[in-house]
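Inside the fold
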Amino acid sequence: MAVEDQRAGSRVSRPENRLVRRGFGDPARAVRLLEGPGLEGLADDPVLLDALGATADPDLALLGLARLMEAADETDRHTLRDTLTTSKPLRDRLLGVLGVSTALGDHLARHPHDWHMLVTFELRDMHPGPEDFLRALGEGVREGDRGPADALRVAYRRCLLTIAARDLTGTSDLARTAAELADLAGATLQTALDLAAEHDPEAAAACRLAVIGMGKCGGRELNYVSDVDVIFVAEPREGVDEHEAVKAATRLAAALTRLCADTTGEGTIWPVDANLRPEGRHGPLVRTLASHLAYYQRWAKTWEFQALLKARPVAGDAELGAAYVEALAPMVWQAAARENFVTDVQQMRRRVIDSIPVTELDRQLKLGPGGLRDVEFSVQLLQLVHGRTDPALRSGNTLEALAALSRGGYVGRADATSLDTAYRFLRSLEHRIQLHRLRRTHLMPTGAEDLRRLARSLTALINDDTRADPVAALQREWKRHAVEVRRLHEKLFYRPLLDAVAELPPGAAGLTPDAARARLEALGYTDPAAALRHISALASGVSRKAAIQRTLLPVLLGWFADSADPDAGLLNFRQVSDALGRTPWYLRLLRDESAAAEQLARVLSAGRLAPDLLLRAPEAVAMLGDPHGLEPRGRAALQSEILAAVGRAGSTTAAVAAARSVRRRELFRTAAADVLGRLGEDPAEALDTAGEALTALNAATLHGALRACVAGWEAEHGDLPTRISVVAMGRFGGHELGYGSDADVLFVHEPLLGSLEEDAARAAQAVCHELRTQLGAPSTEPPLVVDADLRPEGRSGPLVRSLASYAAYYRRWSHAWESQALLRAEPVAGDEDLGARFRQLIDPLRYPGAGVPERDLMEIRRIKARIEAERLPRGADPTTHTKIGRGGLADVEWTVQLLQLQHGHEVPALRTTRTRAALAAAVEAALVGQEDAEVLEAAWVLASRVRAAVMLVRGRPGDSFPGEARELSGVARYLGYGAGHSGELLDDYRRTTRRARVVVDRLFYGL
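Residues numbered from 1 in each chain as written. Predicted model: local features only at pLDDT ≥ 70, side-chain atom pairs only at ≥ 80, totals over all residues. Heavy atoms only, no water.

**Considering the overall build of the protein chain**
When helices and strands are tallied, the protein chain shows 44 helices and 10 strands. A globule of 1007 residues ought to have a C-alpha radius of gyration of about 30 Å, yet the protein chain, at 38 Å, is considerably larger. Going through the 1007 residues of the protein chain one by one, you find that 55% of them count as buried. If you take every contact in the protein chain between residues at least 6 apart in sequence, the share linking residues at least 24 apart comes to 73%. In the structure as shown, the protein chain presents an accessible area of about 42,700 Å², 51% of it carried by carbon and sulfur atoms. Averaging the coordinates of the 126 positive side-chain charges in the protein chain and doing the same for the 137 negative ones gives two points 3 Å apart. (Helix = DSSP H or I, 4+ residues; strand = E, 2+ residues; numbered from the N terminus. Rg over C-alpha atoms; globule rule 2.2 N^0.38 Å. Buried < 20%, exposed > 50% of the residue type's maximum accessible area, 1.4 Å probe, protein only. Contact = heavy atoms within 4.5 Å. Areas by Shrake-Rupley, 256 points an atom, 1.4 Å probe, with all protein chains shown as cover. Lys, Arg positive; Asp, Glu negative; His and termini not counted. Charge placed at Lys NZ, Arg CZ, Asp CG, Glu CD.)

**Thoughts on the side chain of Thr191**
Topologically, Thr191 is positioned in helix H11 (residues 174-199). Classification of Thr191 by relative accessible area gives buried; the value is 6%. Beyond its immediate stretch of four places on either side in the chain, Thr191 contacts Leu134, Leu137, Val141 and Leu152.

**Quick word on the packing of helix H40 (residues 889-903) against helix H41 (residues 915-924)**
Their axes nearest at 10 Å, the elements H40 and H41 cross at an angle of 55°. In terms of orientation, H40 and H41 fall into the oblique class. Relative to H41, the crossing made by H40 is left-handed. Counted together, Glu893, Val896, Leu899 and Gln900 of H40 and Thr915, Ala918, Leu919 and Ala922 of H41 form the full contact between these two elements. By residue class, the composition of the contact of H40 with H41 is five nonpolar, two polar and one charged. (Axes fitted to C-alpha atoms, helices over the stretch in contact; angles between N-to-C directions. Parallel < 35°, antiparallel > 145°, perpendicular 65-115°, else oblique. Left-handed = near helix turned anticlockwise from the far one by under 90°. Nonpolar A, V, L, I, M, F, W, Y, C, P; charged D, E, K, R; others polar.)

**Digging into the pairing of strand S1 (residues 207-213)**
With six of its seven residues buried, S1 lies for the most part within the structure. Note: S1 against strand S2 (residues 228-236), seven bridges, orientation antiparallel. Looking across to S2, one finds that Gly213 is bridged to Val230. Taken together, the four bridges between S1 and strand S5 (residues 312-316) define a ladder with antiparallel strand orientation. From the neighbouring strand, Gly213 faces S5, where its bridge partner is Arg312. (Pairing = 2+ DSSP bridges.)

**Focus: the packing of helix H4 (residues 58-71) against helix H6 (residues 88-98)**
The description of two packed helices rests on the angle between their axes and on the distance between the axes. Between H4 and H6, the least distance of the axes is 7 Å, while the angle of their chain directions is 110°. By the angle class used here, H4 and H6 are roughly perpendicular. Where H4 abuts H6, its residues Leu60, Ala61, Gly64, Leu65 and Leu68 lie against Leu94, Leu95 and Leu98. Split into classes, the residues belonging to the contact of H4 with H6 amount to seven nonpolar, one polar and no charged.

**Let's talk about helix H14 (residues 242-261)**
Helix length check: H14 (20 residues) gives 28 Å between terminal C-alpha atoms against 28 Å at 1.5 Å per residue, within 8%. Every buried residue of H14 is listed here: Ala245, Val246, Ala248, Ala249, Leu252, Ala253, Ala255, Leu256, Thr257, Leu259 and Cys260. By the N-cap criterion, in which a side-chain oxygen at the helix start approaches the backbone nitrogen of a residue two or three places on, H14 is capped by Asp241, the distance to His243 being 3.0 Å. (Expected span 1.5 Å × (residues − 1). Polar contact = N/O pair within 3.5 Å; in protein donor to acceptor, adjacent residues only side chain to side chain.)

**Considerations on the environment of Asp450**
For Asp450, the position within the fold is in helix H22 (residues 448-457). By relative accessible area, Asp450 is classed as partly exposed at 27%. A sequence separation of 21 residues divides Asp450 from Val471, and the C-alpha atoms of the two residues are 9.4 Å apart. Excluding anything up to four places from it in sequence, Asp450 contacts His436 and Pro445. A polar contact of 3.1 Å, which involves the side chain of Asp450, links it to the side chain of Arg453.

**A look at H40**
When the terminal C-alpha atoms of H40 are compared, their 21 Å separation across 15 residues agrees well with the 21 Å that a helix rising 1.5 Å per residue should span. Taken across its 15 residues, H40 has 13 buried, putting it largely inside the fold.

**Side note on the pairing of strand S10 (residues 826-830)**
When you tally the buried positions in S10, you get four out of five residues, the bulk of the element. Inspection of the sheet shows strand S6 (residues 722-728) paired to S10 by four bridges, in the antiparallel sense. When the bridges of S10 are listed, Ser725 appears paired with Gly830.

**A look at the side chain of Asn572**
Structurally, Asn572 can be placed in helix H27 (residues 566-580). Contacts of Asn572, omitting those with residues within four sequence positions, involve Leu604, Gly607, Pro611 and Leu615.

**Digging into the environment of Leu454**
Inspection of the secondary structure assignment puts Leu454 in helix H22. For the pair Leu454 and Arg237, spaced 217 residues apart in sequence, the C-alpha separation works out to 51 Å.

**Comments concerning unusual backbone geometry**
Non-glycine residue Glu279 carries a positive phi angle of around 70°. The residue Glu279 is located in the loop between strand S3 (272-273) and strand S4 (286-288) in this model. What makes Glu279 partly exposed here is its relative accessible area of 45%.

**Structural notes on the packing of aromatic side chains**
Scanning the entire structure with this criterion turns up 11 aromatic pairs. Relative to Phe305, the ring of Tyr296 has its centre 5.9 Å away and its plane inclined at 50°; by these criteria the two rings are tilted. By relative accessible area, which is 2% here, Phe305 ends up buried. Relative to Tyr989, the ring of Phe961 lies with its centre 5.2 Å away and its plane at 80°, an arrangement referred to as edge-to-face. Of this pair, Phe961 sits in the loop between helix H42 (930-954) and helix H43 (965-974) while Tyr989 sits in helix H44 (residues 982-1003), placing them 28 residues apart in sequence. For the pair Phe961 and Tyr989, one class covers both residues: buried. An aromatic cluster is defined as three or more aromatic residues linked by ring pairs; in this entry it consists of Tyr806, Tyr809, Tyr810 and Phe838. (Phe/Tyr/Trp six-rings, centres within 6.5 Å; stacked < 30°, edge-to-face > 60°.)

**Observations regarding the state of the cysteines**
All chains considered together, the criterion is met by zero disulfides. Unpaired in terms of disulfides, Cys768 finds its nearest cysteine sulfur in Cys709, a separation of 8.6 Å. Taking relative accessible area as the criterion, Cys768 reaches 0% and is therefore assigned buried. (Disulfide = S-S within 2.5 Å.)

**A closer look at the pattern of salt bridges**
Throughout the structure, instances matching the rule amount to 62 salt bridges. The closest approach of N and O atoms between Glu750 and Arg723, which form a salt bridge, is 2.2 Å. In this pair, Glu750 sits in strand S7 (residues 743-751) while Arg723 sits in strand S6, placing the two residues 27 residues apart along the sequence. What makes Glu750 buried here is its relative accessible area of 17%. When the shortest N-O distance is used, the salt bridge between Arg1002 and Asp932 registers 2.8 Å. In this pair, Arg1002 is assigned in helix H44 and Asp932 in helix H42, connecting sequence segments 70 residues apart. A relative accessible area of 39% means that Arg1002 is categorised as partly exposed. Residue Asp932 is classed as buried on the basis of its relative accessible area, which comes to 16%. (Salt bridge = Lys/Arg side-chain N within 4 Å of Asp/Glu carboxyl O.)

Dropping the structure here:
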């Protein structure tokens, strides 16, 4: 019995084993299906089994064949069986489709007679055109036994079946398949329009209606499943009112859309998308040609002209459609000359990238990095730039346009070939994914079965061995092409610019100087001639330096173009390279460390301050190659380095110069980190970090300079007869320095025991005067302006006072504003004990036990009002002046300081020199409501960041927004606003500060 069972098992396993060897995943089910209607006796047919095994999914192909056989009538079943076993062309076509597309298998199961389409059409040399599809659809609608909508859907699927068969059997390449799909779409639109006209003859008699194909339909490069983008244009027939004609055309267009898009028993053909029309979905569905022209002449954005690049009449009145395209073409090819061309293009690309869900980014074939949109976007932008003067580039088809760009020398031949290959692979992959269920998707599947089917269907396009692991081979091929697309994007735009000015090998693209200037101008360079000179100086020649620069520049030029000031970025890079080009580590760092190269490009094109600091000592570029190179250094480390440098110097001037040199380098470190967003993700956090870094740096510099000046005095006169302390004031004392802030200080001294008061005062005066002179003297290093005007009696009073003199003055003469100024006093350099005793001296003044007397309160408010009225610069806008404008820094700081004066004695947490810390303490003490505090803090942080941005961008301090557009754009970029959004920044600033002023009026002025 056991032997018989074993023999029976062997008999069952033999056919299953044959199926497993041929790639079936479920051989048991396959055996059952091969015993079904019409397939009896074919389980041992090696020809059929081999054909099934050669499909992308043998199980899916066999299931589709079994369903087709079951649905066919007896006569058709025998015909299909005979043809299937004797005709290899039919076998390959039918099984090829069934092994890829469940949806087309479902169609054949519903309409089994349609398999005859795979026998009757000729595959070798002939391909249908628009008229063939139109005729086939018309016959299908007339012969259909259902309503016209369903009949149209059935006829459409029948035509789609023949296109897929040609595609999957290799008798049609990608370009031909995409063109046939577009032609089929045009024929479908025309048939739907004819049906609409039959249903509404009055509308048809009132107007001429043209359907303009846009997007992939217009470019004859359509997907299997895609929205079909269209624009409708109409004209009245003779004797018909224009308004009535447009209404009639709108009825026809709406009916056409419903016929194609409505879901019935046969499903949707595809949605008709008219959102590319003027004003998008909010505009009228149909316009006259004159109305279209008026809109595009006055209101259209750059992306709308880019979309029109693919416009092509596909249905309706052919004469009107041709007139539409002819009328708009001149505007399309002048779009690159528009003032906002670069901004619009950059915004459009960013919107596409930002629209991708994070979970889909790595699976996106269309919109993801290295995807189809990268290719299309690159080709279209080059067309718009160079198509102005070269009509040969004016094709709406991506592959045709790419070939034309290569023939014209705008893209290197090798690059064009690589991009063409990548694009064909990605589109073929997209087609196979969509064919499976005829669903609109651009995502790579994740299931093992889906990936295996894809890999087997694309074997001819995969340059790898797919036999061992087809899925892994597919993934490698996809990633290889995606990386190539990303790489070529940079080369397409920027490498030919090098070719235009450098001696490069044959085969590279040969842009003429005029074409190179046009490209640079379109990419945002305002002085393309100068840019070409810089490129030539950097990249020409046969030296190793020039060779490395030719490798770097295509990438760097792209980063520069993405900034607010590409010209400045390129100029600064040339200057740094001229200074460091022969230094071995410089170009090696940029070549081998892509992060360092990108950071350098961002820093050099983000404004003037950081590049100016770098150009004074270009070796600071090395910071960008150190992972921790841009981390701010603490005061102790800075002070130690500066004191060591001062100690090695041979004179006072040399010592202070050494301190200033360290300060310049550290200023660059902080500015570069700020520009690159390395000081903190939260804006307030980044602002605090920058303020602390700049405060520590200035304090260490003052300490070192004071040590140098004391040493210089002592070398000439002997021991200094007094001790000196430097007290920081204002934003310096508040640890809130900006890049352009002066160092507000008070100088205090105390004679040593046995020293005469007059001698000590003269010595202190001389030392402090020398310190200010040395730190502010003209030099290659940025000056540190030491401002002592907040001292008693201001500029009229002595530069330095003794501690006893300060005590006497404050006891007899001090004003309310001086107590307010002392709120931010903090010793930062010199004798620490003297500084601590000065702090003890002033604490009762700045935190008075009785609070602020009414007369002092009135005086503070009067001074504040006077400053607002008298110190705002002539012509300045009070709504955008960051310091003394409405809701600006002074408003917030004076409000907080008034609370400190009133309550600092009983609330210890208010005894801080920092504005935000004091505001938080006021909230904790219930002196200010949480909401009011948030409004004040938001305004203060924003105003402080604007001031920092102005200094970083312009290289000089300013309290108002720049008036020059490029500088304003740089400020907006720093603050996180995208290109072209400077107006939003101004609106947000005014809104934020207006709210703050309301709070200030209530808390400070008591209104």
